[in-house]
Amino acid sequence: MSIVFRSNGKLLISGEYLVLRGALALALPLRLGQSLEVQRDEAHGHPHLLWTALAPGGKHWFKTSFELPSFDIIGTDDRQKSAKLQTVLLTLMSLNSGLFDHRYSYKIVTRLDFEPHWGLGSSSTLIASLARWAKCDPYTLLNLSIGGSGYDVACASSSKPILYRRDGIKPVIQQTTFYPSFHEQLYFVYQGQKQDSNHEIVNFNRLTENIDLTELIREVSEISMKMAATDDSDVFGSLMREHESLLSGLLKIPPVNTFFPDFAGQLKSLGAWGGDFMLALSDKGEAYVREYFAGQQLETIFTFKELAIHG
């Protein structure tokens, strides 16, 4: 007998980086996500946990095994991923000490709907599903293990887009409807170089440790509210430009449109700057957008309706 949990992926439309400092962010839960299947069997010999992670189409991502109850790594084909998972599982055990019955061995299989390198929430969907299995608070599990703002964990179980901010470490979540009349002009384009979120957070904290971000947080929060509310594509495009300019000045990184100067529309970085997805707004039609980015060797493109849960 097995039990299965599923969580949504995520994209942050506004508030990247600054959501860590309390800025209001607009975030989308995605149609693509990750499932987690748990099976237990009577232990023959020493109890253990066999973990198999699969990419789309059942492709192998990584595999590892742990001794129970210590969670020492027995074997793995990716030491770094196994060590990160070990941290999460040890934290999970601290929050629910009775989760693993030591009379049993366990098999856990995760299945991603999206490629692991796309940055759509392989970690947050795992945190959310594990927390549901353990009946513990997902934000506590996140904060005590891998860290982060928590917006992605909020998206994992949301049926609608959200406006999200952190009050200290406490999440403040407001479901909203983000399905503007110009949604057919919105596209998500993968830039082809997955960024390491933890590394980017460390760099951001180092860069801003002596900077007063109060005004910037206020400005970005206003942009998030306006983005969620507007039904005018010109206004939305202007908000994209303004947000990109503000973050570019803070991060000392050129805005993404610098690299695509002849694109007929607006572009905005999403997530960790420099390689994750970007948001494209264009009234030239889907064929133009796909042809343009194919010419830039970028072919992973989703329409808004294909990817976003819009409520």
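This text follows the structure it describes.
As the structure is a prediction and not an experimental result, all values here were calculated from the model.

1. Here's the deal with the sheet that holds strand β9 (residues 186-190)
Argument step 1. Spatial ordering of the open sheet is given by β10-β11-β9-β12, a layout of four strands whose pairing is antiparallel. With partners counted over all chains shown, the strands left at the sheet margins are β10 (266-269) and β12 (301-303), one partner each. Neighbouring strand axes in the sheet, compared pairwise and without regard to direction, differ in orientation by 25 degrees on average.
Argument step 2. Of the strand pairs in this sheet, β10 and strand β11 (residues 277-281) are connected by four bridges, and their pairing is antiparallel. The residue bridging S269 from the neighbouring strand is M278, located in β11.
Argument step 3. Taken strand by strand, helix α7 (residues 233-251) contacts β9, β10 and β11, and its axis lies near 45 degrees from that of β10.
Argument step 4. Along the sheet, helix α8 (residues 286-294) makes contact with β9, β10, β11 and β12, crossing β12 at roughly 165 degrees.

2. Describing the nonpolar core
Argument step 1. In terms of nonpolar packing, the biggest core is built from 45 residues, with I13, L18, F188, F236 and F277 touching the most fellow members.
Argument step 2. Counting only elements with at least two residues in this core, the list comes to β2 (25-42), β9, α6 (214-229), α7, β11 and α9 (304-307).
Argument step 3. Here F236 is in contact with I13, F178, F182, L186, M227, T230, L279 and L281, once residues within four sequence places are set aside.
Argument step 4. Ranked by size, the runner-up nonpolar core spans 41 residues in total, among them L49, L68, L92 and I108.

3. Considering α7
Because the α-helix completes a turn every 3.6 residues, residues three or four places apart line up on one side.
Argument step 1. Between its first and last C-alpha atoms α7 spans 27 Å; for 19 residues at 1.5 Å apiece the expected length is 27 Å, and the two agree.
Argument step 2. The complete set of buried residues in α7 reads F236, G237, L239, M240, H243, E244, L246, L247, S248, L250 and L251.
Argument step 3. Sitting at the head of α7, D232 places a side-chain oxygen 2.8 Å from the backbone nitrogen of D234.
Argument step 4. Within two residues after α7, K252 carries a phi angle of roughly 60 degrees, on the positive side.

4. Let's talk about the state of the cysteines
Argument step 1. Per the counting criterion, the structure on display carries zero disulfides.
Argument step 2. Between C136, a free cysteine, and C155, which holds the nearest cysteine sulfur, the sulfur-to-sulfur gap is 19 Å.
Argument step 3. A relative accessible area of 15% places C136 in the buried class.
Argument step 4. Its relative accessible area of 0% is what places C155 among the buried residues.

5. Points about the packing of aromatic side chains
The geometry of an aromatic ring pair comes down to the distance between the two centres and the angle between the two planes.
Argument step 1. Applying the stated criterion across every chain, the model contains 20 aromatic pairs.
Argument step 2. Measuring from ring centre to ring centre gives 6.2 Å for W118 and F277, while their planes differ by 90 degrees; the resulting arrangement is edge-to-face. Here the residue W118 occupies a position in the loop between β6 (104-112) and α2 (122-134), and F277 occupies one in strand β11, the gap between them amounting to 159 residues.
Argument step 3. An aromatic cluster is defined as three or more aromatic residues linked by ring pairs; in this entry it consists of F178, Y179, F182, F188, F236 and F304.
Argument step 4. Positioned over the ring face of Y104 is R40, at 4.0 Å from the centre of the ring.

6. Quick word on the packing of helix α1 (residues 79-95) against α2
Argument step 1. In the contact formed by α1 and α2, the axes pass within 11 Å of each other and the chain directions differ by 25 degrees. Classified by the angle their axes make, α1 and α2 are roughly parallel. Our pair here, α1 against α2, has a crossing hand that is right-handed. Here K84, L85, V88, L89 and L92 of α1 lie close against α2, whose contacting residues are S123, L126, I127, L130, W133 and A134.
Argument step 2. Residues belonging to the contact of α1 with α2 are distributed by class as follows: nine nonpolar, one polar and one charged.

7. Structural notes on a negative patch on the surface
Argument step 1. Judged by side-chain charge, D231, D232, D234 and D283 come together as a negatively charged surface patch.
Argument step 2. Locating D234 in the fold gives a position in helix α7.
Argument step 3. What makes D234 exposed here is its relative accessible area of 63%.

8. Observations regarding the pairing of β2
Argument step 1. Within β2, 13 of the 18 residues are buried, which leaves it mostly tucked inside the rest of the structure.
Argument step 2. Pairing of strand β1 (residues 2-12) with β2, which is carried by ten bridges, proceeds in the antiparallel orientation. When the bridges of β2 are listed, I3 appears paired with V38.
Argument step 3. When β2 meets β6, the two strands line up antiparallel, connected through nine bridges.

9. Describing the pattern of salt bridges
Argument step 1. A full pass over the atoms with the stated rule returns ten salt bridges.
Argument step 2. A salt bridge links R290 to E306; its shortest N-O distance comes to 3.7 Å. Of this pair, R290 sits in helix α8 while E306 sits in helix α9, and the two are 16 residues apart along the sequence.
Argument step 3. Here the salt bridges do not stand alone but share partners, grouping E215, R218 and E222 into one network.

What counts, and at which threshold
- Residues numbered from 1 in each chain as written.
- Predicted model: local features only at pLDDT ≥ 70, side-chain atom pairs only at ≥ 80, totals over all residues.
- Heavy atoms only, no water.
- Pairing = 2+ DSSP bridges.
- Helix = DSSP H or I, 4+ residues; strand = E, 2+ residues; numbered from the N terminus.
- Axes fitted to C-alpha atoms, helices over the stretch in contact; angles between N-to-C directions.
- Contact = heavy atoms within 4.5 Å.
- Core = buried A, V, L, I, M, F, W, Y, C linked by side-chain atoms within 4.5 Å.
- Buried < 20%, exposed > 50% of the residue type's maximum accessible area, 1.4 Å probe, protein only.
- Expected span 1.5 Å × (residues − 1).
- Polar contact = N/O pair within 3.5 Å; in protein donor to acceptor, adjacent residues only side chain to side chain.
- Disulfide = S-S within 2.5 Å.
- Phe/Tyr/Trp six-rings, centres within 6.5 Å; stacked < 30°, edge-to-face > 60°.
- Lys NZ or Arg CZ within 6 Å of the ring centre and 35° of its normal.
- Parallel < 35°, antiparallel > 145°, perpendicular 65-115°, else oblique.
- Left-handed = near helix turned anticlockwise from the far one by under 90°.
- Nonpolar A, V, L, I, M, F, W, Y, C, P; charged D, E, K, R; others polar.
- Patch = residues over 30% accessible without salt bridge, like charges linked within 9 Å, V, L, I, M, F, W, Y side chains within 5 Å.
- Areas by Shrake-Rupley, 256 points an atom, 1.4 Å probe, with all protein chains shown as cover.
- Salt bridge = Lys/Arg side-chain N within 4 Å of Asp/Glu carboxyl O.
- Lys, Arg positive; Asp, Glu negative; His and termini not counted.
- Charge placed at Lys NZ, Arg CZ, Asp CG, Glu CD.

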